[in-house]
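# Observations on chain architecture
Now for the letters of each chain:
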Number of protein chains: 2
Amino acid sequence: MSTIANSIELATNAAGRVVPTNVNGKPQRAYAGVNHDHPQGRKAAPPIRTAADYPMSGDKRVADLETALRQCGLSDGMTISTHHHLRDGDRVALWALQTAAKMGTRDLMWFPSASFPAHAPVIELMEAGNVHHIEGSMNGPLGDYCTQGRMRGLGVLRSHGGRWQAIQDGEVHIDIAVIAAPTADAFGNANGSHGPSACGSLGFALADSMYADRVIVVTDNLVEFPCVPWQIQGNNVDYVVQVDSIGDPAKIVSGTTQITRSPDRLLIAQYVAQFVRDAGIMRPGFSFQAGAGGIALAFVDYLRRFMRQGGVRARFVRGGSTRYLVDLLKEGLTDYILDGQTFDLDAVQSIASDPRHIPTSPFTSYNYHGKGFFNSLVDVVVLGATEVDVNFNANVVTHSDGRLLHGIGGWQNCLFAGCTVLAVPSFRDRIPVIVDQVTTLTGPGELIDVVATERGIAINPRRKDLLDAAKGSSLPIRPIHDIQREVEKICGGKPQKPRLTEKPVAVVKWVDGTVLDTVWKVRS
Amino acid sequence: MSTIANSIELATNAAGRVVPTNVNGKPQRAYAGVNHDHPQGRKAAPPIRTAADYPMSGDKRVADLETALRQCGLSDGMTISTHHHLRDGDRVALWALQTAAKMGTRDLMWFPSASFPAHAPVIELMEAGNVHHIEGSMNGPLGDYCTQGRMRGLGVLRSHGGRWQAIQDGEVHIDIAVIAAPTADAFGNANGSHGPSACGSLGFALADSMYADRVIVVTDNLVEFPCVPWQIQGNNVDYVVQVDSIGDPAKIVSGTTQITRSPDRLLIAQYVAQFVRDAGIMRPGFSFQAGAGGIALAFVDYLRRFMRQGGVRARFVRGGSTRYLVDLLKEGLTDYILDGQTFDLDAVQSIASDPRHIPTSPFTSYNYHGKGFFNSLVDVVVLGATEVDVNFNANVVTHSDGRLLHGIGGWQNCLFAGCTVLAVPSFRDRIPVIVDQVTTLTGPGELIDVVATERGIAINPRRKDLLDAAKGSSLPIRPIHDIQREVEKICGGKPQKPRLTEKPVAVVKWVDGTVLDTVWKVRS
């Protein structure tokens, strides 16, 4: 162990990474390897409530968010949680924090399931002292702010499953959860699949509703009891606040999830689809997950053609759902969509109306501290990365310059699929993606099976079964070092080392709550 | 406080009832009045598990129930829970207990959500020492066994909501939950709405699955992952056991839920329906709950005619669902059925296929230690009783001779509806139903609003609003004492006092976990 200037004690974990032993005043367990850390103890236990303290009429509405926060006992140093299903269209999270600030509250911990550029004004609240720090994915400006070392506490990056684990295990105690709900009744039952601000599943808010001391539902579409379906159960909700609008529908569902037009990226997608077919993963009853990025969507499109040609039907596909998955469902090429979040209008309409399009939660799909989780049953998952090293370790949170610009999402949790494919261009802005060592370790190489680039496909030598399975294929299967060398020639060498200080600004948690790596302040 | 021969300390509670201060080794809170007891502390916290201990393939099947019980660490003195959705057709509960007995286990506490005559062989297991005692509704032979004072521990009777409350609050710790599942996958996701042994909702098993240390799903209809819907979540399940049959379908859904043919009982049903109409409860968007008994079904049938005549549509109806409720749904006379348990084949088919027919759980509908519960939003509920006294206190568990023959079911929880109607014949077997004081207090009179008999309707004087509302009606509205006097004349006087000893054999819990009354050993 070593201690650095600002007296954060550091240790080297099982991945050889230097990580703090204490984060925001809480002792940490260092990453011990995949499946090595064994949890102790019992789950978090919320206070017992009594119906005697709630209106027997079931009407939990209060005048406004300020009243709700006051009645929840808002005070300095509390943790306020929000969800990100409204994405960059969300108005509620910022509104809750700004209201708390207006009430004079200080040193709040904001615990979003993710943050977006729309939440950039939280920087002002941090500068003014109302918000102490953020634990949660910080996309864009907030991540940048964090890497500049300007946040008072350490950022804590967790996967979607890791966020559930942290709440469930009591590592993060939520004082007040503020849940933006596209539809709700006065009792607090809520869903995201209906209403003018419909966003699909509300799964990321489920743990908050179950474990927070107090829960506020904010809705712009109040319906008569019962609000059906009730993905958020009113029995966990304290107050309901009715507002004109919870967000900007145009930014909630982007409507712009589009297949890449880049020839290189289309080639990657095609390689991956062909690999899934040729390695025998695409067989009757198989399953896959692909995100909403341009390559992933193109992959789905290619795979659909192969499925049609082969007469192969999937048992289920996991989303991030888009119209490409909805088309598979409608065409009978999959029995079910198991939906983690819903990205476009077609998917929102589908989840609202098709019983085969099923909302899930991080509990069912991702939580590593449960009795198993769905994503280990997925046959193949296609993911992205900012960097991957020659041992197949990967990074999704920082760029090669060390700046924190992305959240983990479900990425870590998906690595437990039967076959994990990183579909990445071999370089971006003339910076090679395959590196000697990743800037920030987000996923251990032993869980990453295939790296697919436009210059060839590298199969992890640990997966002899996949190497064998792909032998007869016409695909350009190559050792990862070969691809690396070729790309370095094109780019004029290895990427520059990032200019980092010795000051930790955030940590990356592994799915079991241990600390996998540190994000360091960037030298200015 | 007083102490009786067998050294159980007694106290008098707020209802004036003498109750034990300690039950089966656990200190008790005495009933303090409706909405008077304020809970302390935090909910039960199950152990944190890790996916590392479960097969990543998701296949949790083991060879047989004995293997599953052994791997769950079955040992003497443990609590085993089961659910009663298979009713008198259930084979799994008895099988689990008999398997445990065969394995030599002793002193088990059986914690069913209810027991039926099919479970009478548990008496042999109690006699042999394998089962110590039962906490849960004991219908028929087991109740009789208990009232004879032959069980080693005290019976504890809880409402469906009270059972959830007891598990959630940690008053009952379940070591192993054994869940009979009409459909399940190898991961443990399960539902009751599909398969050859379909029983509808599995809501009574939900708390068990969430809070038990170990959970075994037993199914005779294994489907490929994902089992949809997953009312029981595989993420809470340890082992899956596949068997030929979990029960006798003919007894799971009785198929015999029939409207009463008794002219007196039809008259009661008609009075109640007319009261609901004339008192203005039957208005657009109203809601009601009625059980599956003969009078309740006839009430639904009459009310349906009034609803048609008045052009009135309900927002929701609560079941115990039967084809009478399904017909309302199909006819567009209600928007939703919120289903607690599913009684006949029409209802099972409906819940499996109609998204407006929604399974609920005791958490949503009944749990008094939540942030409210659905049943306080129901406008009118029609219930039965074995006895009701002149202060509107009622009994549903014992007969006038003191014998324990019925469980509480959701009865206590339903009392929180806007208007609670007891629809009862004025006498049974020449024994008056309206008494000076009930043998066993199950429901406080302040929550019971109307007693409807074939000889007239008594409205609780506390409900001046209902007295006013019913003023213009042609109904025979009479003081309860008048009806009592008339019936006593017919029956030749008041009922005989039951011949009871001073030995408690069971307690009746109130919805908040306090002890409402005691069931005493019957003098033999």
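Conventions used here
Residues numbered from 1 in each chain as written. Chains lettered and ligands numbered in written order. Predicted model: local features only at pLDDT ≥ 70, side-chain atom pairs only at ≥ 80, totals over all residues. Helix = DSSP H or I, 4+ residues; strand = E, 2+ residues; numbered from the N terminus. Rg over C-alpha atoms; globule rule 2.2 N^0.38 Å. Buried ≥ 20, exposed ≤ 12 C-beta atoms within 10 Å, placed from the backbone. Contact = placed C-beta atoms within 7 Å. Pairing = 2+ DSSP bridges. Least-squares fit on C-alpha atoms with pLDDT ≥ 70 in both. Axes fitted to C-alpha atoms, helices over the stretch in contact; angles between N-to-C directions. Nonpolar A, V, L, I, M, F, W, Y, C, P; charged D, E, K, R; others polar. Domains from an automatic or database assignment. Core = buried A, V, L, I, M, F, W, Y, C linked by C-beta atoms within 7 Å. Parallel < 35°, antiparallel > 145°, perpendicular 65-115°, else oblique. Left-handed = near helix turned anticlockwise from the far one by under 90°. Expected span 1.5 Å × (residues − 1). Right-handed = clockwise from strand over helix to strand, strands pointing away.

### Digging into the overall build of chain A
In terms of regular secondary structure, chain A is built from 15 helices and 30 strands. Taking 524 residues into account, the globule formula puts the C-alpha radius of gyration at 24 Å, and chain A, at 23 Å, falls close to it. Dimensions of chain A, computed from the C-alpha atoms along their principal axes, are close to 70 × 60 × 40 Å. Counting across all 524 residues of chain A, residues that qualify as buried make up 60%. Considering only residue pairs separated by 6 or more positions, chain A has 72% of its internal contacts joining residues 24 or more positions apart.

### A word on the sheet that holds strand S22 (residues 394-395) of chain B
All names here are of chain B. Strand order in this open sheet of 3 strands is S22-S21-S26, and the pairing throughout is mixed. Each of the sheet's edge strands pairs with one partner strand only, and the pair in question is S22 and strand S26 (434-435). Sheet topology note: the strand S21 (residues 387-389)/S26 ladder contains 2 bridges and is parallel. When the sheet's bridge partners are listed, Val-388 is paired in S26 with Ile-434.

### Considering the relation of the copies chain A and chain B
For these two chains of identical sequence, chain A goes onto chain B by a turn of 180° and a shift of 0.0 Å along the axis, with RMSD 0.0 Å. Expressed as a symmetry operation, the mapping of one chain copy onto the other fits a two-fold axis. Across chain A, the rotation axis passes nearest the C-alpha of Ala-45 of chain A, at a separation of 2.6 Å. When the interface residues of chain A are mapped onto chain B, 100% of them again lie at the interface, so the same face is used by both copies.

### A few points about the sheet that holds strand S10 (residues 155-157) of chain B
Residues and elements named next belong to chain B. Spatial strand order, S10-S29-S30: 3 strands in an open sheet with mixed pairing. Every interior strand has two partners, whereas the edge strands, S10 and strand S30 (515-522), have only one. Each neighbouring strand pair of the sheet contributes to a mean axis angle of 40°, computed without reference to strand direction. Relative to strand S29 (residues 500-509), S10 is paired through 3 bridges, and the arrangement is parallel. Paired with Leu-157 across the strands is Val-508, a residue of S29.

### A closer look at the interface of chain A and chain B
Interface size is commonly expressed as the accessible surface area that is lost when the partners come together. At the interface, 50 residues of chain A touch 50 residues of chain B. Counting residues per element, the ones that place at least two in the side of chain A that touches chain B are strand S17 (314-321), strand S18 (334-342) and helix H12 (362-365) of chain A. Considering only residue class, the side of chain A that touches chain B consists of 25 nonpolar, 16 polar and 9 charged.

### What about the environment of Phe-286 of chain A?
Residues and elements named next belong to chain A. Within the secondary structure, Phe-286 is located in the loop between helix H8 (263-278) and strand S16 (287-290). Here Phe-286 falls in the buried class, since 21 other C-beta atoms lie within 10 Å of it. Between the C-alpha atoms of Phe-286 and Thr-334, which are 48 residues apart in sequence, the distance is 9.1 Å. Setting aside residues no more than four positions away along its own chain, Phe-286 makes contact with Ile-281, Ala-314, Arg-315 and Asp-379.

### So, the domain arrangement of chain A
Residues and elements named next belong to chain A. On domain assignment, one finds that chain A holds domain 1 (57-135 + 172-252) and domain 2 (263-498). The gap between the C-alpha centroids of domain 1 and domain 2 is 32 Å. Taken together, the contact between domain 1 and domain 2 spans 13 residues of the former and 14 residues of the latter. Class assignment of the residues belonging to the side of domain 1 that touches domain 2 gives a composition of 6 nonpolar, 7 polar and no charged.

### Topic: the nonpolar core
In this structure, Ile-179, Val-272 and Phe-299 of chain A together with Ile-179, Ile-216, Val-272 and Phe-299 of chain B are the most contacted members of the largest nonpolar core, which totals 340 residues. If one sorts the elements of this core by residue count, helix H9 (residues 294-310) of chain B sits on top with 9 residues. Discounting residues that sit within four places of it in the chain, Val-272 of chain B has contacts with Phe-299, Val-382, Val-421, Ala-423 and Ala-452 of chain B.

### Description of the packing of helix H8 (residues 263-278) of chain B against H9 of chain B
Residues and elements named next belong to chain B. Two elements in contact, H8 and H9, have axes separated by 8 Å at closest approach and are oriented at 45°. Judged on the interaxial angle alone, H9 and H8 are oblique. Handedness of the crossing formed by H8 with H9: right-handed. Of the residues in H9, those touching H8 at Arg-265, Leu-266, Ile-268, Ala-269, Gln-270, Val-272, Ala-273, Val-276 and Arg-277 are Gly-294, Ile-295, Ala-298, Phe-299, Tyr-302, Leu-303 and Phe-306.

### Let's talk about unusual backbone geometry
Residues and elements named next belong to chain A. Note that the residue after Phe-225, namely Pro-226, is joined by a cis bond; omega there is -5°. One can find Pro-226 in the loop between strand S14 (214-219) and strand S15 (239-242). A positive phi is found at Arg-430, a non-glycine position, where the angle reads about 60°. Structurally, the position occupied by Arg-430 is in the loop between strand S24 (427-428) and strand S25 (431-432).

### Side note on H8 of chain A
All names here are of chain A. In a regular helix each residue adds 1.5 Å, so 16 residues correspond to 22 Å; H8 covers 22 Å between its end C-alpha atoms and thus fits that length. Within H8 the residues assigned to the buried category are Arg-265, Ile-268, Ala-269, Tyr-271, Val-272, Ala-273, Gln-274, Phe-275, Val-276 and Arg-277. Buried-residue contacts for H8 involve helix H9 (294-310), strand S20 (380-383), strand S23 (419-423), strand S27 (450-453) and strand S28 (456-459). Looking one or two residues beyond H8, the residue adopting positive phi is Gly-280, at roughly 80°.

### What about the pairing of S18 of chain A?
All names here are of chain A. Of all 9 residues making up S18, 8 are buried, and the element is well covered by its neighbours. Pairing between S17 and S18: 6 bridges, direction parallel. Its bridge partner being in S18, Val-317 is matched across the sheet by Ile-337. In this fold, the crossover linking S17 to S18 by way of helix H10 (residues 323-330) has right-handed handedness. Where S18 lies against strand S19 (residues 357-359), 3 bridges are found, and the strand directions are parallel. Residue pairing across strands places Leu-338 opposite Ile-358, the latter belonging to S19. Handedness of the crossover joining S18 and S19 through helix H11 (residues 345-353): right-handed.

### Digging into the packing of helix H10 (residues 323-330) of chain B against helix H11 (residues 345-353) of chain B
Residues and elements named next belong to chain B. Two elements in contact, H10 and H11, have axes separated by 8 Å at closest approach and are oriented at 45°. Viewed along their axes, H10 and H11 adopt a mutual orientation that is oblique. Across from Arg-323, Leu-325, Val-326 and Leu-329 in H10, the residues of H11 making contact are Asp-346, Ala-347 and Ser-350. Residues that form the contact of H10 with H11 fall into these classes: 4 nonpolar, 1 polar and 2 charged.

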